[in-house]
2 protein chains.
Amino acid sequence: MQEIRKYVSDNKQRFLDELFELLRFPSVSADPKFKEDVIKTAEFVAEKLKAAGAEKVEICPTAGYPIVYAEKIIDKSLPTVLVYGHYDVQPPDPLDLWKTPPFEPTIRDEKIYARGSCDDKGQFYMHVKAFELMMETNTLPCNIKFMIEGEEEVGSANLGIFVGENKERLKADVVLISDTSMISLEHPSLETGLRGLSYVEVEVTGPNRDLHSGVYGGAVANPATILAKLIASMHDENNHITIPGFYKDVAELSAQEREDLNKAPYDEAEYKKDLEVDELWGEKEYSTLERTGTRPTLEVNGIWGGYIGEGAKTVLPSKAYAKISMRLVPNQNSDEITKLFQDHFEKIAPKSVKVKVSPHHGGEPVVTPTDSVAYKAAQKAILQSFGKEPIPTRGGGSIPIVALFEKELGIKTVLMGFGLDSDNLHSPNEKFDIANFYKGIETIPLFHKYFAELSKS
Amino acid sequence: MQEIRKYVSDNKQRFLDELFELLRFPSVSADPKFKEDVIKTAEFVAEKLKAAGAEKVEICPTAGYPIVYAEKIIDKSLPTVLVYGHYDVQPPDPLDLWKTPPFEPTIRDEKIYARGSCDDKGQFYMHVKAFELMMETNTLPCNIKFMIEGEEEVGSANLGIFVGENKERLKADVVLISDTSMISLEHPSLETGLRGLSYVEVEVTGPNRDLHSGVYGGAVANPATILAKLIASMHDENNHITIPGFYKDVAELSAQEREDLNKAPYDEAEYKKDLEVDELWGEKEYSTLERTGTRPTLEVNGIWGGYIGEGAKTVLPSKAYAKISMRLVPNQNSDEITKLFQDHFEKIAPKSVKVKVSPHHGGEPVVTPTDSVAYKAAQKAILQSFGKEPIPTRGGGSIPIVALFEKELGIKTVLMGFGLDSDNLHSPNEKFDIANFYKGIETIPLFHKYFAELSKS
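These numbers come from a predicted model, not from an experiment.

### What about the overall build of chain A?
Along the backbone of chain A there are twelve helices and 21 strands. Against the compact-globule benchmark of 23 Å for 457 residues, chain A has a radius of gyration of 23 Å, which places it among compact chains. Principal axes of the C-alpha set define a box for chain A whose edges measure 80 × 50 × 45 Å. Among the 457 residues that make up chain A, the fraction classed as buried is 63%. Of the contacts made within chain A by residues no fewer than 6 positions apart, 79% connect residues no fewer than 24 positions apart. The distance from the centre of the 53 positive side-chain charges to the centre of the 71 negative ones in chain A is 2 Å.

In structure tokens form, the structure reads like this:
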């Protein structure tokens with residue numbers, strides 16, 4: 001522990017400088033105009049892994065963005081940890097809400113502000129530096145493999161194929177991922193589940209052209225009005241989702257599970273104050289922790305149609321659109337839910353408009369075991385570095401790949417995240433606390449240590 | 001009549017060339033970035049009026065865009081016609097749907113395609129050329145005044161003030177406006193009413209920042225979803241507007257009036273085919289002609305919120321917006337309706353969000369007399385130039401200024417429009433049939449002739 005802390009403090013500034021370099025790449029996978037930057041980012045990650053002492057470093061091409069693979073096999077008889085992360089980031093929009101430029105990392109009161117600072121560059125880079133630490137101090141206790149992808153924010157479509165084609169190379173005893181959050185440094189926690197995702201885009205077409213709302217208004221269906229009605233109908237008065245069959249596979253938690261889940265520290269007044277909302281919203285008869293962790297949702301991620309420029313334009317639009325995503329919980333199936341949405345949306349649309357539903361991407365929900373050697377190793381590592389037992393929580397986000405690892409490689413995952421819910425993931429002013437960054441680099445070697453030890457016994 | 005036709009055919013090409021010059025100015029009053037172009041347009045209009053023989057031509061400054069005034073007083077004892085028009089145009093968005101550039105007029109099968117070709121540059125310019133014709137042929141039978149404004153598409157706020165301050169200068173016996181449509185060249189018509197307008201913009205605010213839809217989704221009100229619910233609730237299952245008191249002042253038509261109104265040629269199959277919709281939409285128990293001409297409406301002109309860029313972004317937006325306009329009929333009052341909307345919208349908004357309603361602009365509905373000397377003059381002029389009695393119709397559009405003229409100047413208006421409903425006003429590919437342009441120039445001098453004659457008797 002002494003040794004670890006010394007190495008981290010001796011290299012504090014360099015670790016930060018390197019992370020800043022990484023954060024300066026606008027690796028937005030959703031927007032084709034950043035293609036070159038995304039690829040440069042992959043090259044940067046490969047370099048740093050090599051520099052840290054990794055072998056067989058390879059930038060593996062895919063139909064989309066490349067996957068960076070690297071490994072260090074010290075002894076085939078020792079257990080192997082597969083570290084997963086992603087070097088792509090969410091679009092920075094809306095740009096005007098950023099206090100400082102999204103791709104020019106800036107420190108304000110001990111926090112690193114930049115797109116990707118937490119999700120996931122700051123977090124996967126902790127593993128690169130922890131690996132360097134173990135190599136430099138000759139304390140790497142097990143074999144390690146890295147798989148850092150560039151399409152997590154757009155559904156990891158090609159990673160699935162890559163995993164299917166590289167089962168041998170990816171063989172490992174556990175997948176270790178830092179792409180989730182903990183409650184706080186005072187309340188370290190480990191996520192034991194993730195929601196799945198089904199993301200669709202809908203298009204509603206009324207008349208074949210924009211019309212004068214005076215000449216035609218009142219006689220022709222307005223696609224924006226119809227879209228509003230369709231969206232409005234998807235939650236009932238208790239905020240239950242109304243798509244037939246939507247809940248049929250949802251695994252209801254036992255009274256005990258619900259009780260345990262609700263033990264996690266949660267201050268509703270604080271929560272509302274942080275978001276500046278007077279009242280929370282959600283599915284009746286469930287707590288906030290249940291709503292975000294264990295219940296499926298349907299959210300409008302974007303909506304647009306008609307004239308959205310300066311001033312006033314009296315137009316009856318021809319088309320209106322919405323991006324809608326559903327978060328899924330065990331045992332819902334992404335493709336099935338997408339199909340249910342599509343059928344329902346097409347069914348409820350009135351004859352006065354035409355609708356089109358285009359699936360974007362999806363991912364399956366997962367629950368990670370809390371009785372595994374790997375989970376125990378994570379518990380011990382956090383106990384030692386934080387001085388506190390981690391609290392098990394359910395994450396509301398999605399990392400589609402986790403379910404895929406289980407299916408394709410038969411490997412369970414440990415979600416050891418060091419971010420905070422307040423890090424503004426996917427929002428303007430995303431940040432990552434410097435303290436969490438260093439704490440992660442300090443905790444990760446302990447995980448490998450205990451994972452190797454506990455695997456022996 | 002011979003003389004008129006000869007002058008028009010002798011100057012056909014020049015009339016068209018001048019109109020094209022006028023159409024090339026992108027005089028979009030709603031968007032500040034076109035400010036200079038709008039002002040250049042006013043200067044062009046003033047020049048052309050002077051060249052045609054007008055006197056006291058003046059570009060009158062206002063708090064917004066200037067008003068072009070001109071007159072020709074030949075004999076104080078003769079009646080005076082005040083011609084109103086507007087040189088500003090609607091924004092051309094969405095640009096990608098234009099077959100040819102909106103500000104580069106193009107002729108396709110005898111139609112002039114350009115923003116403003118019909119609304120209202122093409123139409124008010126007929127009056128400038130008809131005036132030139134009467135001057136050149138010494139046939140101007142009465143006094144004439146021109147008032148061409150540059151803010152009609154944004155509510156004519158400053159024209160109201162101008163009119164109030166220039167009652168003496170604007171004295172006239174009738175206001176003549178060509179800013180409406182007729183059924184067709186085969187079915188000439190005269191609009192005898194216009195709808196009023198109440199235009200608002202609404203903002204719905206949920207959390208104080210965009211959120212990760214996985215981390216917070218299901219626990220915090222999504223402003224896009226709430227906005228959809230609010231909009232959806234504003235029409236009931238019969239497409240009646242649900243704002244309390246919205247219909248209380250609506251003048252119901254008599255059975256006779258409804259019957260007359262529905263005599264106008266209308267082919268539902270054609271109407272649907274032209275718009276490519278399988279089914280029409282509207283207030284139950286009213287015909288299309290009634291819905292667009294005599295009933296108030298509420299239309300979403302634009303809606304936006306969240307991520308509307310390429311690909312997928314799993315965000316729970318902080319804000320969602322909509323531009324909503326209501327068309328009003330006698331005897332609704334614009335300010336009152338705006339207030340009703342505002343109160344209702346704020347009242348039905350749930351506590352989980354904050355809402356703001358900002359009025360854009362409005363205008364009062366009008367009905368023009370069909371028993372006046374001026375209306376009879378218009379009927380005779382059309383009968384002579386088209387060979388057919390004009391059919392009286394109710395227009396669905398709004399020209400806020402018409403009600404104001406009545407109130408401030410005590411002058412009634414004649415709406416002698418030569419456009420067609422199919423001219424794509426406010427839409428991409430706005431057009432004006434060349435035939436209608438020339439027909440208007442030919443008909444207008446006849447109006448002046450008969451108006452002067454009938455005024456004597």
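### Thoughts on the UniProt feature "domain: Peptidase M20 dimerisation" (unreviewed entry) in chain A
Within this numbering scheme, the UniProt entry marks residues 193-351 of chain A as carrying the feature "domain: Peptidase M20 dimerisation" (unreviewed entry). Taken end to end, residues 193-351 of chain A comprises 29% helix and 23% strand; its first and last C-alpha atoms sit 42 Å apart.

### Quick look at the relation of the copies chain A and chain B
Between the two copies, chain A and chain B, the superposition gives an RMSD of 0.1 Å; the rotation angle is 180° and the shift along the axis is 0.1 Å. Overall, the copies show the geometry of a two-fold rotation axis. Interface residue correspondence from chain A to chain B reaches 100%, placing this contact among same-surface, isologous pairings.

### Overview of the interface of chain A and chain B
Of the residues lining the interface, 88 residues belong to chain A; the matching set on chain B comes to 88 residues. With both sides pooled, the region where chain A packs onto chain B buries about 7800 Å², and carbon together with sulfur makes up 54% of that total. Interface area lost by chain A to chain B is led by A:Trp281, A:Ile303 and A:Lys313, which between them contribute 9%. In this structure, the connection of chain A to chain B is made through two salt bridges. One can count 56 residue pairs in polar contact (both at pLDDT 80 or more) joining chain A with chain B. It is strand β13 (residues 297-306) of chain A that provides the largest number of residues to the side of chain A that touches chain B, a total of nine residues. Within the side of chain A that touches chain B, the residues separate by chemical class into 34 nonpolar, 32 polar and 22 charged. The sheet contact formed by β13(A) and strand β12 (residues 297-306) of chain B spans five bridges and is antiparallel. Bridged to A:Gly302 within β12(B) is B:Gly306.

### Quick look at helix α1 (residues 2-23) of chain A
Here α1(A) spans 30 Å end to end across 22 residues, near enough to the 32 Å set by a 1.5 Å rise per residue. Taken as a whole, α1(A) has its buried residues at A:Ile4, A:Tyr7, A:Val8, A:Asn11, A:Phe15, A:Leu16, A:Glu18, A:Leu19, A:Phe20, A:Leu22 and A:Leu23.

### Some remarks on the sheet that holds strand β4 (residues 106-108) of chain A
Residue and element names in this part refer to chain A. Strands sit in the order β4-β5-β21 across an open sheet of three strands; the sheet is antiparallel. What marks the edges here is a single partner per strand, and that holds for β4 and β21 (431-433). Across the sheet, the mean angle from the axis of one strand to that of its neighbour is 30°, orientation sign disregarded.

### Considerations on the domain arrangement of chain A
All names here are of chain A. The domains assigned to chain A are domain 1 (1-194 + 365-455) and domain 2 (196-250 + 296-363). Tallying the contact residues gives eleven residues for domain 1 and ten residues for domain 2. Of all residues in domain 1, Pro365, Ser398 and Pro400 bury the most surface against domain 2, accounting for 61% of the area lost on that side. Scanning the region where domain 1 abuts domain 2 turns up zero salt bridges. Inspection of the region where domain 1 meets domain 2 yields two residue pairs in polar contact (both at pLDDT 80 or more).

### Observations regarding the pattern of salt bridges
Inspection of the entire model under this criterion finds 64 salt bridges over all chains. For A:Arg5, the salt bridge identified is with A:Glu442, shortest N-O distance 2.9 Å. Of this pair, A:Arg5 sits in helix α1 while A:Glu442 is found in helix α12 (residues 434-456), placing the two residues 437 residues apart along the sequence. According to the relative accessible area criterion, A:Arg5 is partly exposed, its value standing at 38%. The partner of B:Glu442 in a salt bridge is B:Lys439, with the nearest N and O atoms 3.4 Å apart. In this pair, B:Glu442 and B:Lys439 both sit in helix α12 (residues 434-456), three residues apart, roughly one turn of the helix. When salt bridges that share partners are traced, they join A:Arg14, A:Glu18, A:Lys129 and A:Glu132 into one network.

What counts and how
- Residues numbered from 1 in each chain as written.
- Chains lettered and ligands numbered in written order.
- Predicted model: local features only at pLDDT ≥ 70, side-chain atom pairs only at ≥ 80, totals over all residues.
- Heavy atoms only, no water.
- Helix = DSSP H or I, 4+ residues; strand = E, 2+ residues; numbered from the N terminus.
- Rg over C-alpha atoms; globule rule 2.2 N^0.38 Å.
- Buried < 20%, exposed > 50% of the residue type's maximum accessible area, 1.4 Å probe, protein only.
- Contact = heavy atoms within 4.5 Å.
- Lys, Arg positive; Asp, Glu negative; His and termini not counted.
- Charge placed at Lys NZ, Arg CZ, Asp CG, Glu CD.
- UniProt positions renumbered as here; feature names shortened; annotations may be inferred.
- Least-squares fit on C-alpha atoms with pLDDT ≥ 70 in both.
- Buried area = accessible area lost by both parts, 1.4 Å probe.
- Salt bridge = Lys/Arg side-chain N within 4 Å of Asp/Glu carboxyl O.
- Polar contact = N/O pair within 3.5 Å; in protein donor to acceptor, adjacent residues only side chain to side chain.
- Nonpolar A, V, L, I, M, F, W, Y, C, P; charged D, E, K, R; others polar.
- Pairing = 2+ DSSP bridges.
- Expected span 1.5 Å × (residues − 1).
- Axes fitted to C-alpha atoms, helices over the stretch in contact; angles between N-to-C directions.
- Domains from an automatic or database assignment.

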